[in-house]
Amino acid sequence: MYNPYIEVIACFYPNVSCHASAETYNDIVWDGGDSLPTEEVLTPLLLECKLLAKWEEIKAFRDNRLEHGGYPVGSYWFHSDIYAQSNYTDLLMMGSQIPPNTYWKTMSGVFVTMTQTLAQQILGSKAMQKAITFTKAEQHKAAMQASSDPLNYDFTTGWPAIYGE
């Protein structure tokens with residue numbers, strides 16, 4: 001059983017402890033904490049709470065693409081998970097001290113020779129990919145909020161390419 005008011009209370013009134021025995025405002029049982037807001041206060045927040053949840057979906061989609069989508073450099077894609085990002089930073093810090101013939105596995109499984117220039121290009125691609133992806137997320141947020149049906153807004157289109165697309 002789903003009571004939308006419980007979701008709104010959790011979203012905007014975290015110090016109110018309550019549960020619901022059914023689906024309407026009158027089915028809410030106050031358990032303690034701050035006093036229970038009135039139905040008149042909560043009703044306008046129903047849509048706002050759902051919009052916040054939709055924004056969280058958009059951000060999760062964005063973050064998944066950033067972490068698993070890769071960074072394009074030339075004809076190769078390089079891993080973008082947190083460990084790979086740390087490795088690229090380490091390589092950049094090594095500068096010209098990267099050992100010769102250091103081979104790096106790309107997302108396609110091909111090995112390439114890692115150089116200081118390539119490490120710089122990967123980090124540059126990372127910065128670009130992040131900037132474009134965060135911008136697209138904000139565009140989807142605005143479009144979702146302006147939509148006549150924001151809860152069914154499809155935010156899965158128009159993102160920058162990731163590996164495999």
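Here's what I pulled together on the structure shown here. (Residues numbered from 1 in each chain as written. Predicted model: local features only at pLDDT ≥ 70, side-chain atom pairs only at ≥ 80, totals over all residues. Heavy atoms only, no water.)

1. A word on the overall build of the chain
The following threshold applies: Where helices and strands are cited, they refer to DSSP runs of H or I of at least four residues and of E of at least two residues respectively, numbered from the N terminus. It is over C-alpha atoms that the radius of gyration is taken, and the globule rule equals 2.2 Å times the number of residues to the power 0.38. Each residue's exposure class comes from its accessible area (1.4 Å probe, protein chains only) as a fraction of the maximum for that residue type: buried when under 20%, exposed when over 50%, partly exposed otherwise.
A count of helices and strands for the chain gives five helices and six strands. For the chain, whose C-alpha radius of gyration is 23 Å, the value lies well above the compact-globule estimate of 15 Å for 165 residues. For the chain, the C-alpha atoms occupy an extent of roughly 70 × 35 × 25 Å along the three principal directions. Sorting the 165 residues of the chain into buried and exposed places 35% on the buried side.

2. Focus on the packing of aromatic side chains
Short version of the rule: Here is the rule: rings of Phe, Tyr and Trp (six-membered ring for Trp) pair when centre to centre is within 6.5 Å. Planes less than 30 degrees apart are stacked, more than 60 are edge-to-face, and the remainder are tilted. Only lysine NZ and arginine CZ atoms are considered, and such an atom sits over a ring when it is within 6 Å of the ring centre and within 35 degrees of the ring normal.
On inspection of all chains with the given rule, the structure shows five aromatic pairs. Centroid distance Tyr5 to Tyr25: 5.6 Å. Interplanar angle 80°. Geometry classified as edge-to-face. Pair noted here: Tyr5 is in helix H1 (residues 4-12) and Tyr25 is in the loop between strand S1 (16-20) and strand S2 (28-33), with a separation of 20 residues, a long-range link. Grouping residues by exposure puts Tyr5 and Tyr25 together as buried. Residues Phe61 and Trp159 carry aromatic rings whose centres are separated by 5.5 Å and whose planes lie at 55° to one another, so their mutual orientation is tilted. Pair noted here: Phe61 is in helix H3 (residues 45-68) and Trp159 is in the segment after helix H5 (116-146), with a separation of 98 residues, a long-range link. Residue classification places Trp159 among the buried positions, given a relative accessible area of 9%. Over the face of the ring belonging to Trp55 we find Lys141, whose NZ or CZ atom lies 4.7 Å from the ring centre.

3. Quick word on the environment of Gln97
Secondary-structure assignment places Gln97 in the loop between helix H4 (82-94) and strand S5 (103-105). With a relative accessible area of 61%, Gln97 lands in the exposed category.

4. A closer look at the pattern of salt bridges
To be explicit about the condition: A side-chain nitrogen of Lys or Arg and a carboxyl oxygen of Asp or Glu constitute a salt bridge if their distance falls within 4 Å.
Taken as a whole, this structure holds four salt bridges when the rule is applied. When the shortest N-O distance is used, the salt bridge between Glu56 and Lys59 registers 3.0 Å. Remark: Lys59 and Glu56 occur in helix H3; sequence separation between them is three residues, near one turn of the helix. Exposure remark for Glu56: the relative accessible area of 45% places this residue in the partly exposed category. Classification of Lys59 by relative accessible area gives partly exposed; the value is 22%. Across the salt bridge formed by Arg62 and Asp63, the nearest N and O atoms sit 2.7 Å from each other. Taking the relative accessible area as the measure of exposure, Arg62 reaches 10% and is therefore buried.

5. Re the state of the cysteines
Covalent bonding between the sulfur atoms of two cysteines is what defines a disulfide. Using the following cut-off: Note that a disulfide, as used here, is simply two cysteine sulfur atoms within 2.5 Å.
Under the defined criterion, the tally for this structure stands at zero disulfides. Here Cys18 is not disulfide-linked; the sulfur of Cys49 is the nearest cysteine sulfur, at 12 Å.

6. Notes on H4
Side chains that are three or four residues apart share a direction in an α-helix, a result of its 3.6 residues per turn. Short version of the rule: By this rule the span expected of a helix is its residue count minus one, scaled by 1.5 Å. Taking the helix axis as origin, the arc is that swept by the directions to the C-beta atoms. Within 3.5 Å is the distance limit for a polar contact, defined as a pair of N or O atoms, with the added protein rule that one can donate a hydrogen and the other accept it, and that residues adjacent in sequence qualify only through two side-chain atoms.
Along its 13 residues, H4 runs 19 Å from first to last C-alpha, staying within 8% of the 18 Å computed at 1.5 Å per residue. All of the buried residues in H4 are Ala84, Gln85, Tyr88 and Leu91. Along H4, the residues classed as buried sweep out an arc of 120° about the axis, all on the same side. Opposite its buried face, H4 presents the exposed residues Ile82, Tyr83 and Met93, each directed more than 90 degrees away. The distance from a side-chain oxygen at the start of H4 to the backbone nitrogen of Tyr83 is 3.0 Å, and the residue carrying that oxygen is Asp81. Among the residues trailing H4, Gly95 stands out with phi positive, at a value near 60°.

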